[in-house]
Each structure stands twice: as C-alpha cells, then as structure tokens.
Amino acid sequence: MQGTPTYPDSVGRFGPFGGRYVPETLMSALHQLENDYERLSHDTAFQEELKYYLQNYSGRPTPLYFAEQFSKELGGPKIYLKREDLNHTGAHKINNAIGQALLAVHTGKRRVIAETGAGQHGVATATVAARFGLACTVFMGEEDMRRQALNVFRMRMLGADVVSATTGSRTLKDATNEAIRHWVEHVEDTYYIIGSVVGPHPYPRMVRDFQRVIGDETKTQILAVEGRLPDKILACVGGGSNAMGIFYPFIPNKEVALVGVEAAGEGIDTPHHAASINRGRPGVLHGALTYLLQDEFGQVQPAHSISAGLDYPGVGPEHAWLHQTGRARYVPISDEEALSAFYLLSKSEGIIPALESAHALAQAVKEAQAMNREDILVICLSGRGDKDVEEIARQSRGAGHESH
Amino acid sequence: MNRIEAAFHKQTQRAALIPFLNTGDPSLDASLELFRSVLQAGADIVEIGVPYSDPLADGPVIQASAARSLKSGFQFPQVFELAQALRAETDKGLVAFTYINPLLQYTPERFFSDAKTAGIDGVIVPDLPYEESEPVLQIADRHGISLIPLVAPTSGEQRVTDICGSARGFVYCVSSLGVTGERVRMSERVQELVQTVRSHTSLPVAVGFGVSTPEQAQHLAEFADGVIVGSAFIRRIEGVLQQNLDFPVQTLRTAVRDFTEKLLQGMT
C-alpha cells in the first residue's frame, strides 16, 4: 500500500467530502465496522483468504487486453481494455462483494443485505451469499427491476430475496434508501454490503480498497507489456467504484491522466441526466457529503441514464475530492453516445460491453483523435453487456433503430 | 428557562405530549390549521416536519406525507412562515425536524437566523450524529436555538455520555430499532435507555418512534418526560384524505384534535 495517499482521514473525510450523516441507530455499527475492517486489513490470514477467492472463485487477475481493432477504428492511441467483464458474475462488483462477505463471515454476521442498480452488485452479493451460506436480501428499484429483469431472475436463482423499492424515481437512489432503512431496523444481526464507493465512512474507503485490485493489476500488466505507465485511464462513474478501483493506485503517478465519465443521459443541459459532478453541488446523500443533483432547497433531483448502474444523483466522496483537487477530470457522455460505442466495441472486438462501461468507451471515441499513435489509453471495461441486450433490443424496436 | 424546558416543567401532572406533523401536508394552509388544532387540544410542544425527498429515518407513513407535501408545492422557507404564524398565537414549544441536506443548502447561518426570527425553539436533525454536529451546534447556540440530539438503543453508554454532554432542549430517545412508524409493541429496552440518559443529563427526556396508541403513550409517560407521536397522527390525516372530501380541512382538524385528546387522557 506504499505510495498512495492516506485519505480518508480518521473521521472519514476526503478533504471536505465524506463523513457519516446517518441516524444515530447506525453509528455504533459503523464504528464497529471501522474497527473490524482496520484489524482485518492488517490480518495476513484474512488477506490470503481474500486473495484465494479473488483468484480461484472470481478468476483474477483479469486480462489487460490490447483492443487492436477498436484502436484501429478510432485511429488514435493504443487502447487497452481492463477486462473486469471476465470476472465471475460478469463485472467488477464481485471484487468488493467477496471482500465484504468475508468481513461479514469474520465478524459473525449470518445475514447480508445490498442495494443494486443494474443488478450487477445484487448478483455479486447473492453469489457470495450463496457461497458463504449467508441469508441475502437485495433492494432494487422497481424501474430497474423492469430494465434489468435478467439480473432479478439470476438473484432469485441464487437464493436471494429481491425487494422492490417503489418510492421516488424507483431506481438506485431509492433502493439505497430502502436498504439503509432496513439496516437501521436489523443492524444487530445484519451486514450491509454497499456496492459502490458511497455511503457513510468507512464504506467509501473499504469499497475502494477492495476494488483497487483493478488498478494494481493494471499497473503491473501495462508495465510488463509496454514498459511504461499509460497516458490516460478512462472509467465510467455512477457511484464510482470501478473508477476508484482503477484510479487509486495511479493517483501518485501525476503523468497518468485520470478521466471519470458521468452519464449525461439526454444531455447535461436537459433535466434528464446523472452528471452529479458536472451539474450538481455539494450536499448530503446516503450518509456522505458529496456532489449531488438537487434543487435550490436541497431536495434531491431524480437522475436519468440509459444505464441503470449510472442512474444515481450522487457520486462517491473521493471522486468529489479528486475533482476538487483537479487530480481527475470528470466528463459527460450521453445515452446516445454510449449506445453507439456499445455497438462499436461489439462489432470491432466481439466484446459486448455493459452500457455503464460503454460510457467510458464513448469518451475514448471523443478523445482518440487528439491523441498520438504511440499514446497508451486504458479503459476499464467494468462489466459485460448480456444484461442490457434485452432492453436495447426493446428500445431499438421502439425507436425503429437500425442495428447500425 | 426557554420555552422547551418551560413546556416540560409546566406539566407536573403528566408527561409532555409532542405531536409531529409535516409542513405542507396536504397543503401549507391546511397544515397550519392542523398544528393549531393539536396545540389547542393540549399538545405541549410540536415537531414541525420539513418534508424531504429522501427521508432516510422515516417509515412509509411519514414518507408518503412528505411526498404529498412536496407535490403540493412545499418550499423550504414555508417552514418559517408556518412557525411564525403559530408563534403569534402560542408560547408553547416549536421544534423543527429537518434532514441535514436542506439545512446545509439553506446554510446553517441563515437557517438558525430565520428560525430565531420565526420563533422556533429547537431543531432535530435525524441524520446529524454527534460526530458531525459540532459546526451546526455552534451556530445553533449562537442563535439561542436548541439542537436536540437523538439517542438510540444501540448507542451504548459512552455515546450516550458524549451526546448528553452537548445536548440542548431535551434528549430524544429512539424507542426501538428502525425507522419512524407505528409498532404494536414497545421495546423493553427503551426504559433502560431513558434511565441511562437520565444519569448523564438533567434535561428532559422524551421518547419517540413507534408510538401508535394511547396505551403506549401512557406506558411511556410513566418513565419519560415527553412522548413524541408522528406516524399515528399522519395515518389519521391519510385516512381523511382517502375519503376524497371536497373540504377536508374541518374533518382533518377534528381527527387530529380527537386523537390529541385521547392521547392526553391516557397520559394523565
């Protein structure tokens, strides 16, 4: 862990961001979790066990794949894809789910809950719950259950209860509200596996630590094949766990540009987007101070994105901090741009990306022209797109969309 | 002695009754009438709820109430309007209940200044735990407004000690684990919690979350200085609204007045 910054501070702050804005009922559990995590993060046996499951259960390390055809299509830099889509369950979410499930097991909890947007974190949690014999309840917005019906089916097959969140925009924000409310009631016997670098301290730090394996591997792999670090790394940002995971080990390497891609939905100048950093201002959501889409008086505004995993009005507090310090840049990509990149990667490389990851790919399309052939660009391909195929087919039919 | 402490002290016969209602549910004018009704019927302090889009500490009844209020066009500064109207008529305790985000967006300085002008005596922020409260507490103190803290059955003695150390107005004991909403049974742990709090503060101790019947209020009144009732009031409002009356305000007034009286009968 050398050479990386020591954020958050002891009260869970990344600069002004983060903290613990939750009901009193949860505070003792959060302190306990912080202590347990601190102890286990220095426990060799725990770390070995984590490594074992990441390798043998999830299939790590994931490849860093040179996307030659996609690079040619874009006509710019050499593009490498960090293949988190090749993890067990099809996305980076399993890295964190394994870590937190082991935490639950080591702290004697027999029951876990989770929130999910696209369903990838829900599936990952249901998966590890099955493996470690934990009872599992997943909260999911009603709208997302419709958009990601396949993942709902998968979670139920794995033995999890899926509970629909029917308030507000009926998406990830509301599923998280329900999960927190449920946790307040069952805090004494239930472990809450938060799926992104959001929520009250110590979650943003813990989830980042469990996801940094993406960046650590990328660093080793790119040095092995290219003998140098990449010029730029792109990753999509909803809550921002895949981005935080791949960015984190590179933060001290100032020569590597870090770019987070937010969902611009129908455009950041319309009311229908999820660009919290580009269009929000600091506020409190789900226990942390961070950039938030809200009205003048602090009512949270509904987010919109074609991708359920990015459809969130907040963002992890460490991203807010990286934005404020200027270490990372955050840019918007629209539904349409993401969809077009979704087809481009599918057809050029035979890799169907998740719609979330397609936002990062779309940013590569924009930036490639301005980069040189010798430049190296790494994109975090955070998940595979099987879950999105049905919804895209439905939308294409509705819009008379050619398969372009 | 401030108005909150006075409201507790005035009642030597019984515990103080503290109803919670949301501003703007079903409309700003109607909610003002409802606050008036509970105060006229004998409530000692009212909790003036500030509707919020994401009320994490609230169960379905108060969530739905907040949603109705927001849909009816509620805007944050209306809380001060409502408080000011009540203050012109009563010297009972007025306590605002708001989540932290609207307070931060309004800015704490402006919030407590406007609250003071409106005659608000105290503020409860359910998602502002002790660890995060210091900057807000300083500003509240400067304006002479009590930042009323919550303690929960999971708090543990050390946290109770710390929380009581900076408590103002009264201490709000959360009766059971979970969000607001009516419960069939009251946890036995709440009495223990009230005793622990008493050993660390001389401020009044009130109990809330889950109080749904006059019998429960009566039980809590035996060992607490105040009883907070929210969802049970709002469910009565909901019941009237579901009847789709042309002019529901009079029926709403009667409903909350009758329930206030019933609760008070149980508590004496």
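Residues numbered from 1 in each chain as written. Chains lettered and ligands numbered in written order. Predicted model: local features only at pLDDT ≥ 70, side-chain atom pairs only at ≥ 80, totals over all residues. Heavy atoms only, no water.

Participant: What's the story with the overall build of chain B in this structure? I'm lost.
Facilitator: Along its length, chain B carries twelve helices and nine strands. On C-alpha atoms alone, chain B measures out to a radius of gyration of 17 Å, which is about the 18 Å that the 2.2 N^0.38 rule sets for 268 residues. Projecting the C-alpha coordinates of chain B onto the three principal axes gives extents of approximately 55 × 40 × 30 Å. When the 268 residues of chain B are sorted by exposure, 64% land in the buried category. For chain B, restricting intrachain contacts to residue pairs at least 6 apart in sequence, the fraction spanning at least 24 positions comes to 75%. Summed over its atoms, the accessible surface of chain B is roughly 10000 Å², and 48% of this surface lies on carbon and sulfur atoms. (Helix = DSSP H or I, 4+ residues; strand = E, 2+ residues; numbered from the N terminus. Rg over C-alpha atoms; globule rule 2.2 N^0.38 Å. Buried < 20%, exposed > 50% of the residue type's maximum accessible area, 1.4 Å probe, protein only. Contact = heavy atoms within 4.5 Å. Areas by Shrake-Rupley, 256 points an atom, 1.4 Å probe, with all protein chains shown as cover.)

Participant: Even after reading the chapter, I still don't get the overall build of chain A, so can you show me in this structure?
Facilitator: When helices and strands are counted, chain A shows 16 helices and 14 strands. Relative to a compact globule of 404 residues, whose C-alpha radius of gyration would be 22 Å, chain A shows 19 Å and is just as compact. Element-wise, carbon and sulfur atoms account for 51% of the exposed surface of chain A, whose accessible area totals about 13900 Å². Within chain A, one finds 39 positive and 48 negative side-chain charges whose respective centroids are separated by 2 Å. (Lys, Arg positive; Asp, Glu negative; His and termini not counted. Charge placed at Lys NZ, Arg CZ, Asp CG, Glu CD.)

Participant: Explanation requested: the sheet that holds strand 5 (residues 111-116) of chain A in the structure shown.
Facilitator: Consider a sheet: its strands pair through backbone hydrogen bonds, and that pairing is either parallel or antiparallel. All names here are of chain A. Pairing in this open sheet of four strands is parallel, and the strands run 7-6-5-8 from one edge to the other. With one partner strand each, in any of the chains shown, strand 7 (161-165) and strand 8 (190-192) form the two edges of the open sheet. Strand-to-strand, the axes of this sheet are offset by a mean angle of 25°, without reference to chain direction. Sheet analysis places strand 5 next to strand 8, joined by three bridges and oriented parallel. What sits directly across from Arg111, in strand 8, is Thr190. Of the strands in this sheet, strand 5 and strand 6 (135-141) are in contact with helix 5 (residues 120-132), which crosses strand 5 at around 165°. (Pairing = 2+ DSSP bridges. Axes fitted to C-alpha atoms, helices over the stretch in contact; angles between N-to-C directions.)

Participant: Quick question: what am I supposed to make of the interface of chain A and chain B here?
Facilitator: Where interface size is quoted, it is often the accessible area lost as the parts come together. Across the contact, 33 residues belong to chain A and 38 residues belong to chain B. Interface area, chain A with chain B, both sides summed: about 2900 Å², of which 51% is carbon and sulfur. It is A:Glu24, A:Arg181 and A:Phe297 that lose the most area in chain A upon contact with chain B, and together they represent 27% of the buried surface on that side. The interface formed by chain A and chain B holds four salt bridges in total. The partner of B:Arg159 in a salt bridge is A:Glu24, with the nearest N and O atoms 2.9 Å apart. Between chain A and chain B we count 25 residue pairs in polar contact (both at pLDDT 80 or more) in total. Those elements giving two or more residues to the side of chain A that touches chain B turn out to be helix 1 (24-41), helix 8 (172-186), strand 11 (281-285) and strand 12 (288-292) of chain A. The leading source of residues in the side of chain A that touches chain B is helix 8 of chain A, at seven residues. (Buried area = accessible area lost by both parts, 1.4 Å probe. Salt bridge = Lys/Arg side-chain N within 4 Å of Asp/Glu carboxyl O. Polar contact = N/O pair within 3.5 Å; in protein donor to acceptor, adjacent residues only side chain to side chain.)

Participant: Just to check I follow, could you spell out the side chain of A:Gln148 for this structure?
Facilitator: Residues and elements named next belong to chain A. In this fold, Gln148 is placed in the loop between helix 6 (142-147) and helix 7 (149-157). On the accessibility criterion, Gln148 (2% relative accessible area) is buried. At 3.3 Å, the side chain of Gln148 and the side chain of Asp388 are in polar contact. When near neighbours in sequence (up to four residues on either side) are disregarded, Gln148 contacts Gly117, Ala118, Met140, Ala308, Lys387 and Asp388.

Participant: Explanation requested: the sheet that holds strand 10 (residues 257-265) of chain A in the structure shown.
Facilitator: Residue and element names in this part refer to chain A. The sheet built from six strands is open, its strands ordered 3-4-14-9-10-13 with mixed pairing. Pairing within the sheet leaves two strands with one partner each, and these edge strands are strand 3 (64-66) and strand 13 (328-334). Direction aside, neighbouring strands of the sheet carry axes that sit 25° apart on average. When strand 3 meets strand 4 (residues 78-83), the two strands line up antiparallel, connected through three bridges. Bridge pairing in strand 4 links Phe66 to Tyr80. Across the sheet, helix 14 (residues 335-349) lies against strand 3, strand 4, strand 10, strand 13 and strand 14 (376-381), angled at about 90° from strand 13, the strand it touches most.

Participant: Any chance you could explain the pattern of salt bridges here in plain terms?
Facilitator: All names here are of chain A. For the structure shown, the criterion picks out 46 salt bridges over all chains. A salt bridge links Arg83 to Asp85, with the nearest nitrogen and oxygen atoms 2.8 Å apart. Ionic pairing is found between Asp216 and Arg212, a salt bridge with its closest N-O pair at 2.9 Å. Through salt bridges with shared partners, a single ionic network connects Glu143, Asp144, Arg146, Arg147, Asp311, Glu391 and Arg394.

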